[in-house]
Amino acid sequence: MRFLIDFFPIALFVVAYKMADIYTATAVLMAATVVQTGIIYAMDRKLQTLHKVTLVLVLVFGALTLFLQDERFIKWKPTVLYASMAIVLAAALWIWKKNFLQILLGSQLTLPEPVWARLTAAWVGYFLFMAGINAYVAAYYSTEDWVNFKLWGYVFPVIFIVGQGLYIARYMKDDTAGKQP
């Protein structure tokens, strides 16, 4: 369900682009992200920092795209988001000695400290990869190709998250051990 909620603004963006143009698609993305954020808030009664940052960036970069009639703003929004997330996670871990990933997910997952550090480093690498690949496609390919990349590029987070799940699975405690059948 979460995957669909996360995916629907991108899907609507692509459909709007195919049916109209980048500016219509940008307006649709902005509206869909507001709706998505509302749904997440209604379900959880709170918003994660990533949701707040994403909403602000979509609205700011979307508004710039629409007001200035310059598609470069919406195309570079993902690069700014991913690079920002990488910088925050890296600075927190290696400069301030705080593991934001552990702070955010520690109540849901019990993992050894070195595993948290490796997970965070992997997320920093992932965010840098995503920032770089979006920047490359935005700079060197057509808007049509970039929009297609936004849709089919969704495979990268799926692969990364599955890989993370496989990695942490060996460190998860078996809560059923010792219980009677």
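None of these values were measured; they are calculated from a predicted model.

This part takes up helix H3 (residues 49-68). Taking 1.5 Å per residue, 20 residues should reach 28 Å; H3 reaches 28 Å between its end C-alpha atoms and fits that length. Along H3, the positions that sit buried rather than exposed are His51, Thr54, Leu55, Leu57, Val58, Phe61, Gly62 and Thr65. Tucked inside the fold, the buried residues of H3 contact helix H1 (2-19), helix H2 (22-44) and helix H4 (72-94). Downstream of H3 by a residue or two, glutamine 69 has a phi angle that is positive, lying close to 50°.

Among the secondary structure elements, aspartate 6 is positioned in helix H1. Judged by its relative accessible area of 31%, aspartate 6 falls in the partly exposed class.

Geometry of an aromatic ring pair is reported as the spacing of the ring centres plus the angle between the planes. In total, this model carries 13 aromatic pairs according to the counting rule given. Between phenylalanine 129 and phenylalanine 156, the aromatic rings sit 5.3 Å apart at their centres with planes inclined by 75°, giving edge-to-face as the arrangement. One end of the pair, phenylalanine 129, is in helix H6 (residues 113-140); the other, phenylalanine 156, is in helix H8 (residues 155-169), with 27 residues separating them in the sequence.

To continue, consider the pattern of salt bridges. Between side chains of opposite charge, a pair can form when the charged atoms approach closely. All chains considered together, the criterion is met by 3 salt bridges. The partner of lysine 18 in a salt bridge is glutamate 144, with the nearest N and O atoms 2.7 Å apart. Of this pair, lysine 18 sits in helix H1 while glutamate 144 sits in helix H7 (residues 143-152), and the two are 126 residues apart along the sequence. A relative accessible area of 44% places lysine 18 in the partly exposed class. Aspartate 70 is the partner of arginine 72 in a salt bridge, and the nearest nitrogen-oxygen pair spans 2.6 Å.

Cut-offs applied
- Residues numbered from 1 in each chain as written.
- Predicted model: local features only at pLDDT ≥ 70, side-chain atom pairs only at ≥ 80, totals over all residues.
- Heavy atoms only, no water.
- Helix = DSSP H or I, 4+ residues; strand = E, 2+ residues; numbered from the N terminus.
- Expected span 1.5 Å × (residues − 1).
- Buried < 20%, exposed > 50% of the residue type's maximum accessible area, 1.4 Å probe, protein only.
- Contact = heavy atoms within 4.5 Å.
- Phe/Tyr/Trp six-rings, centres within 6.5 Å; stacked < 30°, edge-to-face > 60°.
- Salt bridge = Lys/Arg side-chain N within 4 Å of Asp/Glu carboxyl O.

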